[in-house]
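# Notes for the structure review
Listed below are the residues making up each chain.
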Amino acid sequence: MNGQNEILKEVTQQDYKYGFVSKFDSDKAPVGLNEGIIRLISSKKKEPKWMLDIRLKAFKHWLTLVDKEPNWAHIKYPKINFQDIIYYSAPKKKKKLKSLDEVDPEMLKTFEKLGISIDEQKKLTGVAVDIVIDSVSVKTTFKETLAKLGIIFCSFSEAVHEHPELVKKYMGSVVPYTDNFYAALNSAVFTDGSFCYIPKGVRCPMELSTYFRINEANTGQFERTLLIAEEGSYVSYLEGCTAPMRDENQLHAAVVELIAYKDAEIRYSTVQNWYPGDKNGKGGIFNFVTKRGICKGERSKISWTQVETGSAITWKYPSVILKGDYSVGEFYSIALTNNYQQADTGTKMIHIGKNTTSTIISKGVSAGKSNNSYRGLVRISKSATNARNFSQCDSLLLSDECGAHTFPYIEINNKSAIVEHEATTSKVGEDQIFYCNQRGLSTEQAISMIVNGYCKEVLKKLPMEFAVEAQKLLSLSLEGSVG
Amino acid sequence: MLTINNLKASVEDKEILKGINLEVKKGEVHAIMGPNGSGKSTLAAVLAGRSDYEVTDGTVDYLGQNLLEMAPEDRAKEGIFLAFQYPVEIPGVNTATFLRTSLNEIREHRGLEPLNGADFLKLMKSKMEIIDIDKSLISRSLNEGFSGGEKKKAEIFQMAMLEPTLAILDETDSGLDIDALKVVAAGVNRMKTDDNAVIVITHYQRLLDYIIPDFVHIIYDGQIIKTGGKELAITLEEKGYDWITNEHAALSNA
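Residues numbered from 1 in each chain as written. Chains lettered and ligands numbered in written order. Predicted model: local features only at pLDDT ≥ 70, side-chain atom pairs only at ≥ 80, totals over all residues. Heavy atoms only, no water.

Time to look at the overall build of chain B. Counting its regular elements, chain B contains nine helices and 12 strands. On C-alpha atoms alone, chain B measures out to a radius of gyration of 18 Å, which is about the 18 Å that the 2.2 N^0.38 rule sets for 254 residues. If you line up chain B on its principal axes, its C-alpha atoms span 65 × 40 × 35 Å. Put simply, chain B has 254 residues, and 53% of those count as buried. Look at the contacts in chain B between residues 6 or more apart in sequence, and 68% of them connect residues 24 or more apart. A total of about 11200 Å² of accessible surface is found on chain B, and carbon and sulfur atoms cover 47% of it. Of the side-chain charges in chain B, 27 are positive and 40 negative, and the distance between the mean point of each set is 4 Å. (Helix = DSSP H or I, 4+ residues; strand = E, 2+ residues; numbered from the N terminus. Rg over C-alpha atoms; globule rule 2.2 N^0.38 Å. Buried < 20%, exposed > 50% of the residue type's maximum accessible area, 1.4 Å probe, protein only. Contact = heavy atoms within 4.5 Å. Areas by Shrake-Rupley, 256 points an atom, 1.4 Å probe, with all protein chains shown as cover. Lys, Arg positive; Asp, Glu negative; His and termini not counted. Charge placed at Lys NZ, Arg CZ, Asp CG, Glu CD.)

What follows is the structure, given as structure tokens:
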């Protein structure tokens, strides 16, 4: 096996291809966190008083949690100094932008390097793209088409101004600021994010997409996303991320809340490719995310699909509260770790309504010296008669030095429940690689093909154009990761 | 095309090939026969470049190049195809997609344009007729859940698609019923030209009823101990391996 490991190492230890920094002028807050900073953020964003009040309440609560960061995850990292972070940074706008031509050419170049052409996206795929660079939404497209259907798709800041009644009603209704350490922090200091509202009976005709990008050295990015699907509506939302290379660790603590009413369906797909740190585990993004959706009405459905290949640390459990009878929750995940990356990710399926069903498919791929954990909770409440869950957690190992762990938690309080859990662990076989070699494929191509095949069940849940990107990303990430 | 000279190879310090000499010319079909454990499959693996085997001595010249210095994928691109005795399963990888990647890698190496989807499908269709392979197999994951016979047929189908210069069939006949055997043999015969060559590794003579070899070599204890024409295989079938191994032992002791 030694020969194979050598090859795997060679193939997987390539440098992060998205490591570059774009030169924008930026407008930053001073380092550190106190009430003054929160007031500054709020005033920079010209927020109404009610929003500032929410922030301050959350901050007050967060202060009670200091030194009580969650420590149960299977991850190790040096203590984060929350006073050593810049909490607000916005690219300076030279003027209002009406078309792509007016966008900073530096920024467009950045997107080109990432292989994301906005133009191409607009023309070929009909994706409306709301780009968030650092913390301020720069450009929103396709807004008019969406507006005709009554769909609201804008930056969170804009929603605070334009749709305060919706923001007030739903913000914090699924993830309250008291939920956890990072949710409290996010509620206090969030700078921007996306807001989406699909009215009753409307089927959103295009994939809604936001590309997040962390751009300023030492800037924590705190996204806030809120998505509401009214009765009988449908929306598919894509979130894709890449970040430039950094030596310092950057903190990212987003909150995403989804609300699905009766017969509504939300598909939320993420491709996360933030800087994972270098081969020696230096640098990389710390990604502590709280994502949760609630199936409020009967037959509502929320489906999370994630491809996590980036970040030094991923702490993320997109969950579904199945409140409405016959509601459906799904979680499809690929988590790929390489070098010294650590991922502790999974989901929570909380069954409350009758005849609720949930499906969990998790594919972990570990390479190098990385650690990859699946952590999932399936809770069947007393009221959840005839609830069903199926979980499948597979781990694929690409080296002898990596770790794969599974932590399934099952709580059943109703005897009518049917809960199934399957788990497998396998190693990429020398036989498989040699077979591919013998057909003219390089070892790199072979591993990429085998891993993509292994992840296929999840990849096929992604919207077409995203799936292609995700496949490329898996191959790219593996180029430096299998050892 | 292929000249093997005094080839020795071992696995985990155990010598398996103990000095193989073999010359294969364009247009020829060579059969390599021998009892279990004699080194037949090791020879195939070494020629294909499997890293588990350490070549300790000897040379292999393939089309004027030092084969032993080439990476397995480069050997494949240069036209060496190994039909595996136990083809591996690769879950989630569609057979057609795999083949198209493979074919286009080889084409690129030969300075040809990659085949587009339509042309690839056309080519697949024509080759599927030759091999008589079930269409559904092509759209499934590579070898996953295939029966033994289906796997072997799929190997021959891949061979037909990739049009190798030197095809090595490693016990392709084992586990096949007579009808499947005929289909596989017909496939091999159809792709045979004056410019390519085939090495058929087999334990039994019956495959050689359908693929007529120009030469039959008997391998025993890591060496080719007897070479003859097609009739050698028949004699072997009648008299069994004991005949040849006893003869060899007698000669060695003499």
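The subject of this paragraph is the sheet that holds strand 9 (residues 166-170) of chain B. Residue and element names in this part refer to chain B. As summarised here, the arrangement of the six strands in space is 6-9-10-3-11-12, forming an open sheet in which the pairing is mixed. Edge positions in the sheet fall to strand 6 (80-83) and strand 12 (223-228), since each of these pairs with one other strand and no more. Neighbouring strand axes in the sheet, compared pairwise and without regard to direction, differ in orientation by 20° on average. As paired elements, strand 9 and strand 10 (residues 197-202) share five bridges and run parallel to each other. Each residue of the ladder has a partner; that of Asp170, found in strand 10, is Ile201. (Pairing = 2+ DSSP bridges. Axes fitted to C-alpha atoms, helices over the stretch in contact; angles between N-to-C directions.)

Another aspect to go through is the pattern of salt bridges. Residues and elements named next belong to chain A. Overall, the coordinates contain 29 salt bridges over all chains when judged by the stated rule. For Asp263, the salt bridge identified is with Arg299, shortest N-O distance 2.8 Å. With Asp263 in the loop between strand 11 (255-260) and strand 12 (265-273) and Arg299 in the loop between strand 13 (284-295) and strand 14 (301-308), this residue pair connects regions lying 36 residues apart in the sequence. Accessibility expressed as a relative area gives 34% for Asp263, which makes it partly exposed. A residue is classified by how much of its surface remains accessible, and Arg299, at 41% relative accessible area, is partly exposed. Counted as one network, the salt bridges with shared partners bring together Asp67, Glu69 and Lys79. (Salt bridge = Lys/Arg side-chain N within 4 Å of Asp/Glu carboxyl O.)

Counting 67 residues, the largest nonpolar core has A:Leu398, B:Leu2, B:Ile4, B:Leu47, B:Leu166, B:Ile168 and B:Ile199 as its most contacted members. Sequence-distant contacts of B:Leu2, defined by excluding residues within four places in its chain, comprise B:Leu22, B:Glu23, B:Val24, B:Leu47, B:Val60, B:Asp61, B:Tyr62, B:Leu166 and B:Ile199. A:Ala58, A:Val160, A:Tyr182 and A:Ile294 belong to the second largest nonpolar core, which has 56 residues in total. (Core = buried A, V, L, I, M, F, W, Y, C linked by side-chain atoms within 4.5 Å.)

On to the confidence of the model for chain A, then. All names here are of chain A. Confidence along chain A averages 82 in pLDDT terms, with 78% of residues attaining 70 or more. Taken together, the stretch residues 134-140 has pLDDT below 50 and engages in 38 contacts with residues farther than four places along the chain or on a different chain. Taken together, the stretch residues 212-219 has pLDDT below 50 and engages in 53 contacts with residues farther than four places along the chain or on a different chain. (pLDDT = per-residue confidence, 0-100.)

The next point concerns helix 3 (residues 49-65) of chain A. Residue and element names in this part refer to chain A. Taking 1.5 Å per residue, 17 residues should reach 24 Å; helix 3 reaches 25 Å between its end C-alpha atoms and fits that length. Of the positions making up helix 3, those classed as buried are Trp50, Met51, Leu52, Arg55, Leu56, Ala58, Phe59, Trp62 and Leu65. Elements that come into contact with the buried residues of helix 3 comprise helix 2 (35-44), helix 7 (156-162), helix 8 (164-170) and helix 9 (181-189). One or two residues past the end of helix 3 sits Asp67, with phi positive at roughly 70°. (Expected span 1.5 Å × (residues − 1).)

Below, the discussion takes up the side chain of A:Ser236. Residue and element names in this part refer to chain A. Inspection of the secondary structure puts Ser236 in strand 9 (residues 234-242). A relative accessible area of 2% places Ser236 in the buried class. Only 2.4 Å separates the side chain of Ser236 from the side chain of Glu207, close enough to count as a polar contact. Not counting chain neighbours up to four residues away, the residues in contact with Ser236 comprise Met206, Glu207, Leu208, Arg267 and Pro463. (Polar contact = N/O pair within 3.5 Å; in protein donor to acceptor, adjacent residues only side chain to side chain.)

Right, let's talk about the side chain of A:Glu69 for a bit. Looking at the element boundaries, A:Glu69 is found in the loop between helix 3 and strand 2 (89-91). Ignoring any residue separated from it by four or fewer positions in sequence, one finds A:Glu69 in contact with A:Tyr77, A:Lys79, A:Phe82, A:Phe181 and A:Tyr182.

Residue and element names in this part refer to chain A. Assignment of secondary structure puts Ala384 in the loop between strand 20 (371-380) and strand 21 (388-397). Between the C-alpha atoms of Ala384 and Lys279, which are 105 residues apart in sequence, the distance is 47 Å. Ala384 has contacts with His351, Ile352, Gly353, Lys354, Thr356, Asn414 and Ser416, leaving out every residue within four places of it along the chain.

For the rest of this paragraph, the subject is the packing of aromatic side chains. As enumerated under the stated definition, the model contains 24 aromatic pairs over all chains in all. With 5.9 Å between their ring centres and 75° between their planes, A:Phe434 and B:Phe84 make a pair best called edge-to-face. With A:Phe434 in helix 10 (residues 430-438) and B:Phe84 in the loop between strand 6 and strand 7 (90-94), this pair bridges two chains. Taken individually, A:Phe434 and B:Phe84 each receive the classification buried, so the pair is uniform in this respect. (Phe/Tyr/Trp six-rings, centres within 6.5 Å; stacked < 30°, edge-to-face > 60°.)

For the rest of this paragraph, the subject is the sheet that holds strand 5 (residues 65-66) of chain B. All names here are of chain B. One open sheet accounts for four strands, arranged 2-1-4-5; its pairing is antiparallel. The sheet terminates laterally at strand 2 (14-24) and strand 5, the two strands that pair on one side only. With eight bridges connecting them, strand 1 (residues 2-11) and strand 2 associate as antiparallel partners. Across the sheet, Leu7 pairs through a bridge with Ile20, a residue of strand 2. Each of strand 1, strand 2 and strand 4 (54-62) is contacted by helix 1 (residues 40-48), which is oriented at about 110° to strand 1, the strand it contacts most.

Another point: helix 6 (residues 148-162) of chain B. Residues and elements named next belong to chain B. Helix length check: helix 6, at 15 residues, gives a terminal C-alpha distance of 21 Å against a target of 21 Å (1.5 Å per residue), a fit within 8%. Counting buried positions along helix 6 yields 12 of 15 residues, so the element is predominantly enclosed. Along helix 6, the residues classified as buried are Lys151, Lys152, Lys153, Ala154, Glu155, Ile156, Phe157, Gln158, Met159, Ala160, Met161 and Leu162. Note on helix 6: the residue one or two positions beyond its end, Glu163, has a positive phi of about 45°.

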